[in-house]
Amino acid sequence: MAIYLPIEIIFNSVDLVPFIIIELAILVLTLFFNHKKWFGFSRIYFFIACIVSILPMMYVVPEGAGNQFLLLPLALLPGLVFHNRWLDFSFFLLVVIVFYVVLATRGLVDPIVNVTQEQIDFFRNIYLGVVFLLSFTIIFYFRTLVNEYEQINKKKTMLLKASNDEIKASINYAKRIQEAILPSITLIKTHLPQSFILYKPKDIVAGDFYWMHYLPQPNGWEVDGDVVLFAAADCTGHGVPGAMVSVVCNNALNQSVKEFGITQPSLILEKSRDLVIETFAESIENVQDGMDIAICSLNTKTNELTYSGANNPLWIIRKDSIEIEEYKADKYHIGKCDMMKPFTNHSIQLNKGDTFYIFSDGYVDQFGGEKGKKFKSRPFKELLLSINNEPLDKQKERLETHFEEWKGDLEQIDDVCIIGVKV
């Protein structure tokens, strides 16, 4: 409009000047709305103002001037101005409809301005030149924006990749450290030859961990035979936070047995609770983290099992039995909590062929199946009963396969740790 105003005055007449000034004023209002930061409204207003300001020019000038083609570059604007595909399509469709309405109705209105054929030809060339110029400007500006976006996105991708690689390297190193504090499979098979451990961290590192300590001569115990202490623990959280808590809790178990000489499962839990609380008490934050755990001591000669648990139970399947014998845990965890009662010891005499299991809640809490619900305890019991007569390694394989089939395409929601032992 600003370019068209002097051209109209010089080459034609001043008849259209009032129309042009009004149309310019309509468009300039967009700057006011931008100043007020009404950006969403400003975009819509600007686009409609373009149509409103151009539309009268279609009728005040005789046919053949080609000013209707100014609507064509306007059809390109929605994709640049709006960030909503429905608005883009709606305004594009509006321009197309207006264009064909103008073509159909233009001859029905008498033009206000009388011009010669030479002037009409001249302005047609001007309008077509403006159409090409506007179309190129819009497409060039759009391409510039896309190039800038691609460059920014490329830099962000490179930065994210570098950060991700660095974080992944750190977590993988943390995984090696965490694996170093876990008892080796060789150690476990040496002292518990008929056993398996199903250990599936949700992330690279885990809040769940398994623990073992061998007591060839139990301190202060008048027993005949060696004793193996072992546990399945579930610390607060998973991933890196859970792994950090697991290091504190693992260290508390080791201190309780190695430094303080405690061998009774319930007393190990109580001392570990004190050590965990003491560790977190040094923080200025009120840390409530800790762990749920099932800990056992097994006399490898007499097959006497002693169990104590913080929220995690013990399940036993006797030889040729069709049901699970459950020993429930105390309903408070290792860490700071409202209830700080002593933990309970359960002494159980096992017989040859009996199998027992301790585990975290990751398996039974996993969502899956046709309805995407939790697996829950009862189906887990039924699964263990169905595979109980199989070798321990086969049981582990069956449990892992069933877990993956149940989970399907859903995300694993927690770490999984299951220990099975047969005497």
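This one's a predicted model, so the numbers in the text were calculated from it and none came from an experiment. Note that residues are indexed from 1 along each chain, following the sequence as it is written. In keeping with the predicted nature of the model, local features appear solely for residues at pLDDT of at least 70, side-chain atom pairs appear and are counted solely at 80 or more, and the whole-chain, interface and lining totals rest on all residues. Side-chain measures here rest on the full set of heavy atoms in the structure, leaving out hydrogens and waters.

Undergrad: Let's hear about the packing of aromatic side chains: which residues, and what values?
TA: Geometry of aromatic contacts follows a simple scheme: Phe, Tyr and Trp rings, the Trp one being its six-membered ring, pair when their centres are within 6.5 Å, and the pair is stacked under 30 degrees between planes, edge-to-face over 60, tilted otherwise. Considering all chains together, one arrives at 20 aromatic pairs under this definition. Summarising the aromatic geometry, the rings of Tyr363 and Phe375 are spaced 5.6 Å apart at their centres and angled 75 degrees between planes, so their arrangement reads as edge-to-face. Of the two residues, Tyr363 sits in the loop between β10 (355–359) and β11 (367–368) while Phe375 sits in the loop between β12 (373–374) and α12 (377–387), which places them twelve residues apart along the sequence. Ring pairs connect the aromatic residues Trp315, Phe359, Tyr363, Phe375, Phe380, Phe403 and Trp406, which therefore count as one cluster. A cation over an aromatic ring shows up here: Lys271 above the ring of Phe260, its NZ or CZ 4.1 Å from the ring centre. The numbering of helices and of strands both runs from the N terminus, where a helix is a DSSP run of H or I of at least 4 residues and a strand a run of E of at least 2. Charge-over-ring contacts are defined here by two conditions on Lys NZ or Arg CZ: a distance within 6 Å of the ring centre and an angle within 35 degrees of the ring normal.

Undergrad: Mind laying out the environment of Ile358, listing which residues take part and the relevant values?
TA: Position of Ile358 relative to the elements: it lies in strand β10. Burial classification: accessible surface area is computed with a 1.4 Å probe over protein chains only, and a residue below 20% of its type maximum counts as buried, one above 50% as exposed, and the rest as partly exposed. For Ile358, a relative accessible area of 0% corresponds to the buried category. With 161 residues separating them in the primary sequence, Ile358 and Ile197 have C-alpha atoms 9.9 Å apart. By the convention used here, residues are in contact when the closest approach between their heavy atoms is within 4.5 Å. Among all residues touching Ile358, those that are not within four sequence positions of it are Phe230, Ala231, Ala232, Ala294, Cys296, Pro313, Leu314, Cys417, Ile418 and Ile419.

Undergrad: If you had to explain the nonpolar core to someone new, which residues and values would you point to?
TA: The nonpolar side chains of a soluble globular protein tend to be buried, and buried together. What makes a nonpolar core is a set of buried Ala, Val, Leu, Ile, Met, Phe, Trp, Tyr and Cys residues whose side-chain atoms join them at distances within 4.5 Å. Judged by nonpolar contacts, the single largest core of 52 residues is most densely connected at Phe209, Phe230, Met291, Ile293, Leu298, Leu314 and Phe356. Not counting chain neighbours up to four residues away, the residues in contact with Phe209 comprise Leu182, Tyr199, Ala231, Ala232, Ala233, Cys235, Ser246, Cys249, Asn250, Leu253, Met291 and Cys417. Ranked by size, the runner-up nonpolar core spans 24 residues in total, among them Ile51, Ile54, Val98 and Ile138.

Undergrad: Report on the pairing of strand β4 (residues 290–299), specifying residues and quantitative values.
TA: Across the ten residues of β4, ten count as buried, placing the element largely inside the fold. Taken together, the nine bridges between strand β3 (residues 227–235) and β4 define a ladder with antiparallel strand orientation. Among the inter-strand pairings, Ala233 is bridged to a residue of β4, identified as Ile293. Across two bridges, β4 lies against strand β8 (residues 334–335) in antiparallel orientation. The residue bridging Met291 from the neighbouring strand is Ile334, located in β8. Where β4 lies against strand β5 (residues 304–310), five bridges are found, and the strand directions are antiparallel. The residue of β5 that forms the bridge with Ile295 is Ser308. The hairpin turn running from β4 into β5, its antiparallel successor, is four residues long, and Asn303 in that turn takes a positive phi close to 60 degrees. A pair of strands is labelled paired if DSSP reports no fewer than 2 bridges between them.

Undergrad: Describe in detail unusual backbone geometry, supporting the description with residues and values.
TA: The phi dihedral of Asn303 falls on the positive side, at around 60 degrees, and the residue is not glycine. Take Asn303: it is sitting in the loop between β4 and β5. One non-glycine residue, Asn311, adopts positive backbone phi at about 75 degrees. As for its position among the elements, Asn311 is in the loop between β5 and β6 (314–317).

Undergrad: I'd like a rundown of the pattern of salt bridges, residues and numbers included.
TA: Salt bridge criterion: a side-chain nitrogen from Lys or Arg within 4 Å of a carboxyl oxygen from Asp or Glu. A full pass over the atoms with the stated rule returns 13 salt bridges. Ionic pairing is found between Lys200 and Glu404, a salt bridge with its closest N-O pair at 3.0 Å. Of this pair, Lys200 sits in strand β1 (residues 195–200) while Glu404 sits in helix α13 (residues 392–407), and the two are 204 residues apart along the sequence. For Lys200, a relative accessible area of 14% gives the class buried. For Glu404, a relative accessible area of 33% corresponds to the partly exposed category. Overlapping salt bridges bring together Lys200, Glu400, Glu404 and Lys407 as one network.

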